Amino acid sequence: MDILRLATAGSVDDGKSTLIGRLLYDTKSVFTDQIESVERASRDRGDDYVNLALLTDGLRAEREQGITIDVAYRYFATPRRKFIVADTPGHIQYTRNMVTGASTADLALILVDARKGLLEQSRRHAFLSTLLHVPHLMLCVNKMDLVGYSEDVFETIRAEFTEFAAKLDIGDLTVVPVSALLGDNIVTRSTAMPWYEGPSLLHHLENVHVASDRNLIDVRFPVQYVIRPQSDQYRDYRGYAGQVAGGVLRAGDEVMVLPSGFTSTIRSIETADGEVEEAFASMSVTIRLTDEIDISRGDMICRVNNAPSVSQDIDAMVCWMDDAPLRPGQKFAIKHTTRTSRAMVKDLQYRLDVNSLHRDLGAEYLGLNDIGRVRLRTTQPLLCDEYKRNRYTGGFVLIDEATNRTVGAGMVNEAR
Amino acid sequence: MTRRYQLTQLEALESEAVHIFREVAAEFERPVLLFSGGKDSIVMLRLAQKAFHPARIPFPVLHVDTGHNFPEVLAFRDRRAAELDLQLLVASVPDALNRGFVQAPPDGTRNRIQTPVLLEALDKHQFTAVFGGARRDEDKARAKERIFSFRDEFGQWDPKNQRPELWNLYNSRVHLGESIRVFPLSNWTELDIWHYIAQERLELPSIYYAHERTVFERNGMLFAVNEFCVPRPSEPTFTATVRYRTVGDASLTAAVRSDADTVEKVVAEVAGTRITERGATRGDDKFSEAAMEDRKREGYF
Ligand SMILES: Nc1nc2c(ncn2[C@@H]2O[C@H](COP(=O)(O)OP(=O)(O)O)[C@@H](O)[C@H]2O)c(=O)[nH]1
Ligand SMILES: [Mg+2]
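Residues numbered from 1 in each chain as written. Chains lettered and ligands numbered in written order. Predicted model: local features only at pLDDT ≥ 70, side-chain atom pairs only at ≥ 80, totals over all residues. Heavy atoms only, no water.

A look at the sheet that holds strand β5 (residues 136-142) of chain A
All names here are of chain A. The following threshold applies: Two strands make a pair as long as DSSP finds a minimum of two bridges between them. A run of H or I in DSSP counts as a helix once it spans at least four residues, and a run of E counts as a strand once it spans at least two, with each numbered from the N terminus. To obtain an axis, a line is fitted to C-alpha atoms, over the contacting stretch when the element is a helix, and the angle between two such axes runs from 0 to 180 degrees between their N-to-C directions. Only heavy atoms enter the contact rule, under which two residues are in contact if any of them lie within 4.5 Å.
Across the sheet, which stays open at both edges, the 6 strands sit in the order β2-β3-β1-β4-β5-β6 with mixed pairing between neighbours. Only two strands of the sheet have a single partner each, and these edge strands are β2 (72-77) and β6 (172-177). Averaged over neighbouring strand pairs, the angle between their axes works out to 25 degrees when direction is ignored. In this sheet, β5 lies alongside strand β4 (residues 107-113) in parallel orientation, the contact comprising 7 bridges. Paired with Leu111 across the strands is Cys140, a residue of β5. Helix-sheet contacts for helix α6 (residues 151-165) involve β4, β5 and β6, and the interaxial angle to β6 is about 160 degrees.

See the structure below:
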């Protein structure tokens, strides 16, 4: 059994939390005491029906205001898969929390209220999901019960989204009409929409193929921690611990270490449970080399003929997440793979209007929740790939050195 | 072919946790791991072992001792720490009560007064990163918390103002006095924990398995009769076959009826259970809808 990570996306009140509640409920993943507590809370609030959104809206302020403020993580499993669900907020002011949930997602569920069609936030979230390179998108046209389960309404929204999506870099898109409240097309196919011939939402989640989404081609091993036991038994032991960010490594492979450029051979790949023959993307392992070379945290092991860019000049898309705006000339700490450095904003090339995808070349700053393209100069070279090719060697965060807040999420376009 | 390059769910969870342990060890000068002798902290300790193997775990462990303990668990705690050659620190609530540092609330419970005792210990030893075994499936406030949970100088969690946390990049920067609570088991469920205990053949305190005990019923839950938990005249005692799903404060943690006396039987039981771990066994979280959120805001785990 493998894991599928999914995140919700879409505008406020389009039914994201209700959908997750419904999914949990219909897969019998909700425990009786949780149901009782949600029933009690629904009654206290004077709702006419059990408000399934309360299964994920767990904070006091969320329940009081009836909105989602931060990501809630929920878990369920079917015989086929374990699911990690990030239910994200729709309000623009909480976009950074949506981005948090989407950054690790294999699949984004983008909800649209059938009565309202695509709103600015639906477009924003669809765009953000593609910017973050969530490999699979599923557009859920929700509240079909409120439009008489009309095929026309569904087709109009599907056409509108498809037109918008043509401008985006979408890997895989599926569209499904649902009623989160009543459960149509969530776990089983709805009888109210015989015109819809596709799978139910859960059926798609169980079957979507995610194994090939990870980069298994470019060997990338950011050294995280050097293991040097202070014991007689392991006197000369020196292991480079980390999580494989890309590719497949095998004992005997000839490798190169960046930024030094020294080459060596993998002597063994170890875990606490013994040696393994190979290590692939997302495995945490310890690598030992045949040569004694100076390697420390922040270095990267790769192949001689397939190396990442080594550069101090980074061209990247940035999603800005702080109240204080980003402006050219500012300096930040930058955290990329296991390497922390400092970066100066050389230039803001444009701000993107997420609705029209228009580029404002005259923009002087990026405000909270803005997305733009910047050029950075870093104090140390970053060992990076284009984000589209590898999320884990192409993504970085910017941290304000005075407040220590995480202020920006960056995705490398190009390093030169 | 691609199937070959696919981690199972336990492998993926283990790999994520190991990465988190290494990240903290690399970025913080003084981490500490909260170890109670309970099942989640036992799993956490195993993951820490794996993260640094063949070296020793490079930080001490801390137990916040409420004084309301199950003896089997305390004995286990000491034995495990000794086996792994770990420095075991104990922050004692009874001691803090004696010193007048905290006052016992009228109902005698110690859940809330644990927090200042924990914070005092963190401050005394200057710990800036603290590993906790909390899981997001335990409670709706926990479901909202980041893996690296920033706490201000009072240890407080501000749920409306959490740091964004993208990919596997964790912001470990804090000012003096502030700290990070780190939750490597965030994405594990109770069932994952038991599958892992079975896979790793981890030894647990015996009270996690079915045994006979003298109990009484209160608020629909079964409590063991012991020095901290005395039945009222209206609460008859009887013998039942029970086990514990969680091990917390012995005055507040209830047992569940169970015949599961092996790890395989517990896995089967947990897979079929219809009540959450805390719902079944914790007297402390039922009182209010937001009990956990409130305690976290005050600096609790
Ligand atoms: N009629 C109907 N109402 C729905 C449906 N899905 C959600 N709602 C309602 O829409 C409102 C907003 O839902 P919520 O899940 O909180 O939206 P979120 O902001 O996207 O998380 C709530 O009152 C829900 O009961 C649906 O399929 N049909
Ligand atoms: Mg919501």
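Text resumes after the structure shown.
So, the sheet that holds strand β3 (residues 88-92) of chain B
All names here are of chain B. The strand order across the open sheet formed by 6 strands is β3-β2-β1-β4-β6-β5, and the pairing between neighbours is mixed. Edge strands, defined here as strands with exactly one partner in the open sheet, are β3 and β5 (148-151). Within this sheet the neighbouring strands show an average axis-to-axis angle of 30 degrees, counted without direction. Sheet topology places strand β4 (residues 129-131) next to strand β6 (residues 179-182); 3 bridges connect them, and they run parallel. Within β6, the position partnered with Phe131 by the bridge is Val182. Along the sheet face, helix α3 (residues 71-83) touches β2 (61-65) and β3 and points at about 150 degrees away from the line of β3. Most of the contacts of helix α5 (residues 114-125) go to β2, to which it runs at about 150 degrees, and overall it touches β1 (31-34), β2, β3, β4 and β6.

Focus on unusual backbone geometry
Put simply, Leu258(A) and Pro259(A) share a cis peptide bond, and its omega is 10 degrees. Pro54(B) follows His53(B) through a cis peptide bond whose omega is 5 degrees. Looking at the secondary structure, you find Pro54(B) in the loop between α2 (39-52) and β2. Unlike most non-glycine residues, Asp13(A) shows phi in positive territory, near 70 degrees.

Considerations on the domain arrangement of chain B
Residues and elements named next belong to chain B. Going by this rule: Per the annotation, domain bounds derive from an automatic or database assignment of domains. Take the accessible area each of two parts loses on contact, using a 1.4 Å probe, and add the two losses: that sum is the buried area. Counted as salt bridges are all cases of a side-chain nitrogen of Lys or Arg within 4 Å of a carboxyl oxygen of Asp or Glu.
Splitting chain B by domain gives domain 1 (8-191 + 290-297) and domain 2 (206-285). Relative to domain 2, the C-alpha centre of domain 1 lies at a distance of 24 Å. Tallying the contact residues gives 22 residues for domain 1 and 21 residues for domain 2. Taking both partners together, domain 1 and domain 2 bury about 1800 Å²; carbon and sulfur atoms supply 55% of that area. Considering only the side of domain 1, the residues that lose the most area to domain 2 are His68, Phe70 and Glu190, jointly responsible for 34% of the buried surface there. Between domain 1 and domain 2 we count 2 salt bridges in total.

A few points about the environment of Phe52(B)
Tracing the backbone through its elements, the reader meets Phe52(B) in helix α2. It is 25 Å that separates the C-alpha atoms of Phe52(B) and Ala121(B), two residues lying 69 residues apart in sequence. Once you skip the residues sitting within four places of it in the chain, Phe52(B) turns out to touch Tyr225(A), Ile227(A), Phe21(B), Arg22(B), Ala25(B), Ile57(B), Pro58(B) and Phe59(B).

Looking at the pairing of strand β17 (residues 309-320) of chain A
Residue and element names in this part refer to chain A. Bridge count for β17 against strand β21 (residues 371-384) is 10 bridges, and the pairing is antiparallel. In the sheet register, Ser311 faces β21, and the bridge partner there is Leu382. Looking at chain direction, β17 and strand β23 (residues 406-415) are connected through 7 bridges and run antiparallel. When the sheet's bridge partners are listed, Ile314 is paired in β23 with Ala415.

Regarding the packing of α2(B) against helix α6 (residues 190-200) of chain B
Residue and element names in this part refer to chain B. As a reminder, the rule being used: The cut-offs work like this: below 35 degrees is roughly parallel, past 145 is roughly antiparallel, 65 to 115 is roughly perpendicular, and the gaps in between are oblique. Rotating anticlockwise by less than a right angle from the far helix to the near helix defines a left-handed crossing, while the corresponding clockwise rotation defines a right-handed one.
Here α2 crosses α6 at 55 degrees, and the two axes come no closer than 10 Å. Our classification of the angle between α2 and α6 gives oblique. For the pair α2 and α6, the crossing hand works out as left-handed. From α2, Lys39, Asp40, Val43, Arg46, Leu47 and Lys50 reach across to α6, where they touch Glu190, Ile193, Trp194, Tyr196, Ile197 and Glu200.

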